[in-house]
Number of protein chains: 2
Amino acid sequence: MNGHGNGGCAAAGVPRAAFGKADKGADFANYFCTYAFLYHQKEMLSDRVRMDAYYDSIFKNARHFKGKTVLDVGTGSGILAIWSAQAGARKVYAVEATDMATHARALVAGNKMENVVEVIEGSVEDISLPEQVDIIISEWMGYFLVRESMFDSVIYARDKWLKPTGMMYPSHARMWLAPMQTNLGERKMQEYQHAMDDWSRFTQETLDQYGVDMGVLNTPYRAEQQKYFLQTSVWNNLHPNQIIGEPALVKEFDCLKATLEHTASLRSQFRIPIDPGNLQIAGFAGWFDVHFRGCASDAADNDVELTTAPSVSDTTHWGQQVFLLHPPINTRNGDVLVGELEVTRSKQNHRLMDVKVVHNLERRDSPPAQPTISQFHIE
Amino acid sequence: MNGHGNGGCAAAGVPRAAFGKADKGADFANYFCTYAFLYHQKEMLSDRVRMDAYYDSIFKNARHFKGKTVLDVGTGSGILAIWSAQAGARKVYAVEATDMATHARALVAGNKMENVVEVIEGSVEDISLPEQVDIIISEWMGYFLVRESMFDSVIYARDKWLKPTGMMYPSHARMWLAPMQTNLGERKMQEYQHAMDDWSRFTQETLDQYGVDMGVLNTPYRAEQQKYFLQTSVWNNLHPNQIIGEPALVKEFDCLKATLEHTASLRSQFRIPIDPGNLQIAGFAGWFDVHFRGCASDAADNDVELTTAPSVSDTTHWGQQVFLLHPPINTRNGDVLVGELEVTRSKQNHRLMDVKVVHNLERRDSPPAQPTISQFHIE
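- An unreviewed UniProt entry annotates chain A as Protein arginine N-methyltransferase PRMT10 of Physcomitrium patens.
- The UniProt entry for chain A carries the following text under Subunit (unreviewed entry): "Ring-like homodimer."
- The UniProt entry for chain A carries the following text under Catalytic activity (unreviewed entry): "L-arginyl-[protein] + 2 S-adenosyl-L-methionine = N(omega),N(omega)-dimethyl-L-arginyl-[protein] + 2 S-adenosyl-L-homocysteine + 2 H(+)".

So, in structure tokens, the structure goes:
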């Protein structure tokens with residue numbers, strides 16, 4: 001559900017004030033508020049791949065919606081709720097935490113669906129519904145699937161409001177990781193070095209002109225710049241040619257069964273033969289896909305896939321997340337990239353992620369090397 | 001105390017969650033957090049005009065500091081506290097709300113001032129000092145002086161911690177407004193119109209492809225884009241030639257006497273002869289200056305001025321705030337621009353400002369025209 005360049009000070013390593021899930025004021029200021037802008041909603045509504053997938057998932061499976069009750073978690077402009085009603089739902093509860101709910105209500109009325117769609121302003125954790133529902137539909141996915149941690153809210157809603165016979169739209173979600181080529185790493189390294197040269201000049205001038213030695217801050221400043229330039233994942237729309245090796249499936253969710261323990265911490269091993277070899281792995285690319293399959297007892301008539309894999313013509317506003325390696329890894333034909341991915345919530349902001357990749361190149365006739373540990377932040 | 005492009009979702013017109021001064025979590029997420037970055041501190045420490053003014057105000061008036069107690073409100077990196085100690089202060093309390101306080105402590109120690117400077121992490125409203133102080137020093141000024149509303153914290157600290165004989169550094173602050181030339185207004189109008197054309201295409205496509213009529217959102221979308229492109233003040237470093245008329249002094253503060261009532265709402269009349277006339281007033285420029293004069297009973301040996309007026313060589317990171325007029329005002333020789341400026345706190349975020357300018361062109365041998373009301377937001 002991202003906007004590219006979603007602002008907020010969400011990244012700040014900050015003050016003593018408790019900054020956990022309980023701090024609703026901060027959560028609204030950091031996270032929810034962007035979604036209150038119509039411009040941001042329009043960005044997402046202009047993503048044709050996203051729109052086509054949800055549209056098809058509903059209308060090609062209208063049978064699932066006809067005469068049923070639906071809960072739309074995070075309705076935003078109200079689009080999914082309106083489509084659900086147009087597909088024949090008896091009743092749709094469209095929950096939205098921001099005052100975008102006011103616009104959703106207007107849009108519902110403007111499309112003559114006010115008898116079916118009820119817009120409720122509030123967090124899905126806080127609101128109350130008069131009944132349980134047959135379908136929970138939501139567009140909750142963030143960069144690399146889990147950024148924003150909105151899936152937690154969908155799980156909460158499912159446990160509280162979905163009938164035992166109910167189904168989830170989407171029904172499944174997967175995370176993928178692949179080694180990639182790019183010159184972005186080189187550029188970021190240059191920018192980092194430039195920032196450190198600039199700091200060096202600055203500390204010298206501050207000492208000369210103002211009699212204050214900033215040298216004691218060299219180490220934290222370097223750490224801050226390293227985090228910013230080298231360790232923070234980068235949004236990008238990659239060309240498929242940039243992927244060098246078979247993408248590894250690192251996580252699968254069944255949206256009917258996933259728990260908060262499953263989403264809190266993801267850990268996964270991978271083994272990726274590098275193809276064709278004699279290439280430089282400049283980083284990892286991460287992306288996701290979701291599927292709309294209905295449920296075991298009532299499969300969708302038409303499976304629909306929404307993928308954010310690198311593509312020439314079917315790009316999305318999610319792009320992919322690029323985790324740059326410094327230094328890059330030089331490979332030979334036959335090499336296999338082996339490792340483990342771990343994705344955890346940032347302590348400072350549960351909606352942001354820390355990503356750790358422990359990796360190693362296996363080479364024929366070579367002794368195993370020490371694994372490299374690369375740490376990243378999804379901001 | 002701004003950084004150019006100070007992020008945060010501070011501008012969002014947002015959710016039901018109470019968003020006033022009481023909401024500390026949101027306040028930290030929106031406002032304080034930027035100051036926790038060393039990069040941001042460095043930006044401000046690299047502002048030579050700012051640094052020179054504070055440096056001179058202290059060291060050219062070292063007599064005020066020798067053997068005295070000082071409170072530095074919002075110490076950031078600790079620079080003002082260190083200078084105060086170097087100038088001979090007996091004790092300096094350096095208060096900082098963010099975890100930048102940790103770096104300030106390190107900087108104090110690195111410059112061998114730990115026996116004089118005590119860094120205290122917390123909001124100045126919350127912390128406790130063992131004694132009252134002779135001087136309160138602070139760099140609290142935001143865009144157009146009052147953005148960020150940090151002066152309120154300085155006033156609070158003064159009323160609680162300054163001795164009756166104490167003084168403020170700076171001692172005085174002024175706000176200025178002047179008519180200006182620029183082509184920025186034209187550009188913003190084009191960007192706005194482009195955004196509306198784009199919206200028009202978008203709503204047509206959404207209806208054609210997805211069967212949902214977004215037309216009911218035309219009005220709020222237009223309002224949102226107007227606010228963004230036309231009514232939000234713009235940061236700029238103006239050339240003095242762009243000012244067409246004598247700048248009007250719209251507010252003066254004596255930092256020893258100012259009250260929260262004074263800062264909550266500013267209203268001021270102005271009369272500006274347009275010089276040379278036959279020009280187009282494309283907007284208003286707003287800026288501030290501060291002075292370091294000591295106090296009535298103990299004047300500074302050397303008055304120091306820090307001004308952010310348009311300048312060729314002495315620019316600051318504050319720049320000026322540009323309030324664009326749509327349409328611009330065409331003037332003739334002899335015209336006088338008459339009006340009233342009102343600056344109030346934004347309801348959604350007390351650290352942001354709403355600016356209203358009621359203005360009128362007085363022309364010889366012409367009947368008075370209806371005043372124009374122009375509304376702006378400082379985000």
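From this point on, the discussion continues.
Comments concerning the domain arrangement of chain A
All names here are of chain A.
Here's step 1: Once the domains are mapped, chain A shows domain 1 (21-171), domain 2 (175-181 + 234-378) and domain 3 (184-231).
Here's step 2: Measuring from the centre of the C-alpha atoms in domain 1 to the corresponding centre in domain 2 gives 27 Å.
Here's step 3: Contacts between the two partners involve 40 residues from domain 1 and, on the opposite side, 48 residues from domain 2.
Here's step 4: Around 3900 Å² of area is buried between domain 1 and domain 2 when both sides are counted, 66% of it from carbon and sulfur atoms.
Here's step 5: Among the residues domain 1 hides against domain 2, the three largest losses belong to Y143, F144 and S171. Together they make up 21% of the total.
Here's step 6: There are three salt bridges connecting domain 1 and domain 2.
Here's step 7: Its salt-bridge partner being D152, residue R345 comes within 3.1 Å of it at the nearest N-O pair.
Here's step 8: At the boundary of domain 1 with domain 2, the tally comes to 21 residue pairs in polar contact (both at pLDDT 80 or more).
Here's step 9: Here the element with the most residues in the side of domain 1 that touches domain 2 is helix α3 (residues 48-59); it accounts for six residues.
Here's step 10: Among the residues making up the side of domain 1 that touches domain 2, the classes are represented as 20 nonpolar, eight polar and 12 charged.

A short note on helix α6 (residues 100-110) of chain A
Here's step 1: Taken as a whole, α6(A) has its buried residues at A:M100, A:A101, A:H103, A:A104, A:L107 and A:V108. On an axial view of α6(A), the arc spanned by its buried residues comes to 155°, and they lie on one face.
Here's step 2: Buried-residue contacts for α6(A) involve α2 (38-45), α5 (79-86), β2 (91-96) and β3 (117-121) of chain A together with α9 (218-231) of chain B.
Here's step 3: Two residues or fewer after α6(A) comes A:K112, characterised by a positive phi angle close to 60°.

What about the packing of helix α9 (residues 218-231) of chain A against helix α2 (residues 38-45) of chain B?
When two helices pack together, their arrangement is given by the angle between the helix axes and the distance between those axes.
Here's step 1: Close contact between α9(A) and α2(B) brings their axes to 9 Å; oriented N to C, the two are set at 115°. Between α9(A) and α2(B), the angle falls in the class roughly perpendicular. Between α9(A) and α2(B), the contacting residues are A:P220, A:Y221, A:E224 and A:Q225 on the first element and B:L38, B:Y39 and B:K42 on the second.
Here's step 2: When its residues are assigned to classes, the contact of α9(A) with α2(B) shows four nonpolar, one polar and two charged.

A short note on the sheet that holds strand β4 (residues 133-138) of chain A
Each strand in a sheet pairs with its neighbour through backbone hydrogen bonds, running either in the same direction (parallel) or in the opposite one (antiparallel).
Residues and elements named next belong to chain A.
Here's step 1: An order of β3-β2-β1-β4-β5 is seen for the five strands of this open sheet, with the pairing classed as parallel. A strand with exactly one partner marks an edge of an open sheet, and here the two such strands are β3 and β5 (162-169). Adjacent strand axes in the sheet meet at a mean angle of 20°, parallel and antiparallel pairs treated alike.
Here's step 2: Where β4 meets β5, four bridges bridge the pair, whose relative direction is parallel. Residue pairing in the sheet places I137 in a bridge with Y169 of β5.
Here's step 3: Seen against the sheet, α6 touches β2 and β3 and runs at an angle of roughly 170° to β3.
Here's step 4: Relative to β5, helix α7 (residues 151-161) is tilted by about 150°, and along the sheet it contacts β1 (69-73), β4 and β5.

Considerations on the pairing of β2(A)
Residue and element names in this part refer to chain A.
Here's step 1: Taking burial as the measure, the six residues of β2 include six buried ones, the bulk of the element.
Here's step 2: By the alternation rule, side chains of β2 split into K91, Y93 and V95 and V92, A94 and E96, which are all buried.
Here's step 3: Bridge count between β1 and β2: five bridges; the pairing is parallel. Bridge pairing in β2 places T69 opposite K91.
Here's step 4: After leaving β1, the chain enters α5 and then returns to the sheet as β2, a path that is right-handed.
Here's step 5: Note: β2 against β3, five bridges, orientation parallel. Residue A94 lies in a different strand from β3, and its bridge partner there is V119.

What about the UniProt feature "domain: Protein arginine N-methyltransferase" (unreviewed entry) in chain A?
Here's step 1: UniProt marks residues 190-361 of chain A with the feature "domain: Protein arginine N-methyltransferase" (unreviewed entry), using the numbering shown here.
Here's step 2: As annotated, residues 190-361 of chain A has a helix share of 23% and a strand share of 44%, and its two end C-alpha atoms lie 26 Å apart.

Things to note about the packing of aromatic side chains
Here's step 1: For the coordinates displayed, the defined rule picks out 32 aromatic pairs over all chains.
Here's step 2: Relative to B:F59, the ring of B:Y55 lies with its centre 4.6 Å away and its plane at 40°, an arrangement referred to as tilted. Here B:Y55 and its partner B:F59 are both found in helix α3 (residues 48-59), four residues apart, which amounts to about one turn of the helix.
Here's step 3: In this structure B:F59 comes out as partly exposed when scored by relative accessible area, which is 26%.
Here's step 4: The structure contains a cluster of three or more aromatic residues connected by ring pairs, namely A:Y54, A:F65, A:Y169 and A:F292.
Here's step 5: Positioned above the aromatic ring of B:F202 is the side chain of A:K42, whose terminal nitrogen or guanidinium carbon lies 5.7 Å from the ring centre.

Section: unusual backbone geometry
Residue and element names in this part refer to chain A.
Here's step 1: Note that the residue after Y169, namely P170, is joined by a cis bond; omega there is 0°.
Here's step 2: Along the chain, P170 turns up in the loop between β5 and β6 (172-180).
Here's step 3: At F144, a residue that is not glycine, the phi angle is positive and equals roughly 50°.
Here's step 4: When you line up the elements, F144 lands in the loop between β4 and α7.

Remarks on empty space enclosed by the protein
All names here are of chain B.
Here's step 1: Tallying each qualifying case throughout the model produces 10 cavities of 30 Å³ or more.
Here's step 2: Forming the boundary of the largest cavity are 15 residues, of which R50, T75, I79, L80 and E139 lie nearest the centre.
Here's step 3: Among the secondary structure elements, those contributing two or more residues to the lining of the largest cavity are α2, α3 and α5 (79-86).
Here's step 4: For the lining of the largest cavity, the residue count by class is seven nonpolar, five polar and three charged.

Topic: the nonpolar core
For soluble globular proteins, the rule of thumb is that nonpolar side chains tend to be buried together.
Here's step 1: Counting 103 residues, the largest nonpolar core has A:L71 and A:L145 as the members making the most contacts within it.
Here's step 2: Ignoring sequence-local partners within four residues, the contact set of A:L71 consists of A:Y93, A:V95, A:V124, A:L129, A:V133, A:I135, A:I136, A:I137, A:A157 and A:W161.
Here's step 3: In terms of nonpolar packing, the next biggest core, distinct from the first, is built from 102 residues, A:Y192, B:M51, B:I79 and B:V154 among them.

Topic: the pairing of strand β1 (residues 69-73) of chain B
Here's step 1: When you tally the buried positions in β1(B), you get five out of five residues, the bulk of the element.
Here's step 2: Burial along β1(B) is two-sided: B:T69, B:L71 and B:V73 facing one way and B:V70 and B:D72 facing the other are all buried.

Considerations on the sheet that holds strand β15 (residues 372-378) of chain B
Residue and element names in this part refer to chain B.
Here's step 1: The antiparallel open sheet is built from four strands, whose spatial order is β9-β13-β14-β15. Lying at the two open borders of the sheet, with one neighbouring strand each, are β9 (265-273) and β15. Shown here is a sheet whose adjacent strand axes are inclined to one another by a mean of 20°, direction ignored.
Here's step 2: Two elements, strand β13 (residues 336-345) and strand β14 (residues 353-362), share 10 bridges in a ladder whose sense is antiparallel. What sits directly across from L341, in β14, is V357.

Looking at the environment of B:K251
Residue and element names in this part refer to chain B.
Here's step 1: In this structure, K251 sits in strand β8 (residues 248-254).
Here's step 2: Under the relative-accessibility criterion, K251 is labelled buried at 19%.
Here's step 3: Spatially, the C-alpha atom of K251 lies 9.8 Å from that of Q269, the residues being 18 residues apart in sequence.
Here's step 4: Sequence-distant contacts of K251, that is, excluding residues within four places in its chain, are made with A173, R174, M175, H262 and L266.

Parameters at a glance
Residues numbered from 1 in each chain as written. Chains lettered and ligands numbered in written order. Predicted model: local features only at pLDDT ≥ 70, side-chain atom pairs only at ≥ 80, totals over all residues. Heavy atoms only, no water. UniProt positions renumbered as here; feature names shortened; annotations may be inferred. Domains from an automatic or database assignment. Contact = heavy atoms within 4.5 Å. Buried area = accessible area lost by both parts, 1.4 Å probe. Salt bridge = Lys/Arg side-chain N within 4 Å of Asp/Glu carboxyl O. Polar contact = N/O pair within 3.5 Å; in protein donor to acceptor, adjacent residues only side chain to side chain. Helix = DSSP H or I, 4+ residues; strand = E, 2+ residues; numbered from the N terminus. Nonpolar A, V, L, I, M, F, W, Y, C, P; charged D, E, K, R; others polar. Buried < 20%, exposed > 50% of the residue type's maximum accessible area, 1.4 Å probe, protein only. Arc of directions from axis to C-beta. Axes fitted to C-alpha atoms, helices over the stretch in contact; angles between N-to-C directions. Parallel < 35°, antiparallel > 145°, perpendicular 65-115°, else oblique. Pairing = 2+ DSSP bridges. Right-handed = clockwise from strand over helix to strand, strands pointing away. Phe/Tyr/Trp six-rings, centres within 6.5 Å; stacked < 30°, edge-to-face > 60°. Lys NZ or Arg CZ within 6 Å of the ring centre and 35° of its normal. 1 Å grid on protein atoms, 1.4 Å probe; cavity = no way out; pocket = protein on both sides within 12 Å on 5 of 7 lines; lining within 4 Å. Points joined across faces, edges and corners; volume = space filled by probe spheres on them. Core = buried A, V, L, I, M, F, W, Y, C linked by side-chain atoms within 4.5 Å.

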